[in-house]
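Here is how the chains run, residue by residue.
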Amino acid sequence: DVYTLKGEIKNVRFADLLVFAAANDPVIIDCSEVTRMDFLSAGALLNVMNSIKGSGRKIVFRHPHHLLAELFRVVGLTHLADIIFARY
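Computed from a prediction, not measured in an experiment: that's the story for all the values here.

Thresholds applied
Residues numbered from 1 in each chain as written. Predicted model: local features only at pLDDT ≥ 70, side-chain atom pairs only at ≥ 80, totals over all residues. Heavy atoms only, no water. Buried < 20%, exposed > 50% of the residue type's maximum accessible area, 1.4 Å probe, protein only. Helix = DSSP H or I, 4+ residues; strand = E, 2+ residues; numbered from the N terminus. Arc of directions from axis to C-beta. Contact = heavy atoms within 4.5 Å. Pairing = 2+ DSSP bridges. Axes fitted to C-alpha atoms, helices over the stretch in contact; angles between N-to-C directions. Phe/Tyr/Trp six-rings, centres within 6.5 Å; stacked < 30°, edge-to-face > 60°. Salt bridge = Lys/Arg side-chain N within 4 Å of Asp/Glu carboxyl O.

(A) Representation of helix α3 (residues 66–75). Within α3, the full set of buried residues consists of Leu68, Ala69, Leu71, Phe72 and Val75. Looking straight down α3, one finds its buried side chains confined to an arc of 155°; they lie on one side. Along α3, exposed side chains directed more than 90 degrees from the buried face belong to His66 and Leu67. Taken together, the buried residues of α3 touch β2 (27–37), α2 (39–54), β3 (59–62) and β4 (82–84). Positive backbone phi, at 100°, marks Gly76, one or two positions downstream of α3.

Shown next as structure tokens:
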């Protein structure tokens, strides 16, 4: 199973991601359809990822575009998860 993020992500708290993560290991998050994400949502995602990582699960972000991956790096998500880029 894969948790999919889509479109413009603004003011999202990701509460449903905790439910998804409880049933999946590794936790794979598909970012291929994300057009942009605001800093507030990235911070909220970091908080959720900290909880998931604390439970011992592996986290993988799949196919984010390079600006989104850079946002993940800036907020510290790359310390908690692996990032797999799309091959074009």
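(B) Inspection of the sheet that holds strand β1 (residues 3–9) at higher detail. Strand order across the open sheet formed by four strands is β1-β2-β3-β4, with parallel pairing between neighbours. What marks the edges here is a single partner per strand, and that holds for β1 and β4. Averaged over neighbouring strand pairs, the angle between their axes works out to 25° when direction is ignored. Set on the sheet, helix α1 (residues 15–22) makes contact with β1 and β2; between it and β2 the angle comes to about 155°. Running over the sheet, α3 touches β2, β3 and β4 and is turned about 115° from β2.

(C) Seen up close, the packing of aromatic side chains. Tallied over the entire structure, the rule returns two aromatic pairs. Ring centres 5.7 Å apart and planes at 50° place the aromatic pair Tyr3 and Phe20 in the tilted group. Within this pair, whereas Tyr3 is found in strand β1, its partner Phe20 is found in helix α1, the two being separated by 17 residues in sequence. With a centroid separation of 4.5 Å and an interplanar angle of 40°, the aromatic rings of Phe61 and Phe72 are classed as tilted.

(D) Summary view of the environment of Leu71. The residue Leu71 is located in helix α3 in this model. A residue is classified by how much of its surface remains accessible, and Leu71, at 15% relative accessible area, is buried. Along the backbone, Leu71 and Arg36 are 35 residues apart, and their C-alpha atoms lie at a distance of 9.8 Å.

(E) The pairing of β1, seen in detail. Of the pairings in the sheet, the one linking β1 to β2 comprises six bridges and is parallel in character. Among the inter-strand pairings, Glu8 is bridged to a residue of β2, identified as Arg36.

(F) Representation of the pattern of salt bridges in the model. Counting across every chain of the model gives three salt bridges. Measuring nitrogen to oxygen at the nearest pair gives 3.7 Å for the salt bridge that ties Asp30 to Arg62. Here Asp30, found in strand β2, pairs with Arg62, found in strand β3; they are 32 residues apart in sequence, far enough to count as distant. For Asp30, a relative accessible area of 10% puts it in the buried group. Under the relative-accessibility criterion, Arg62 is labelled partly exposed at 27%.

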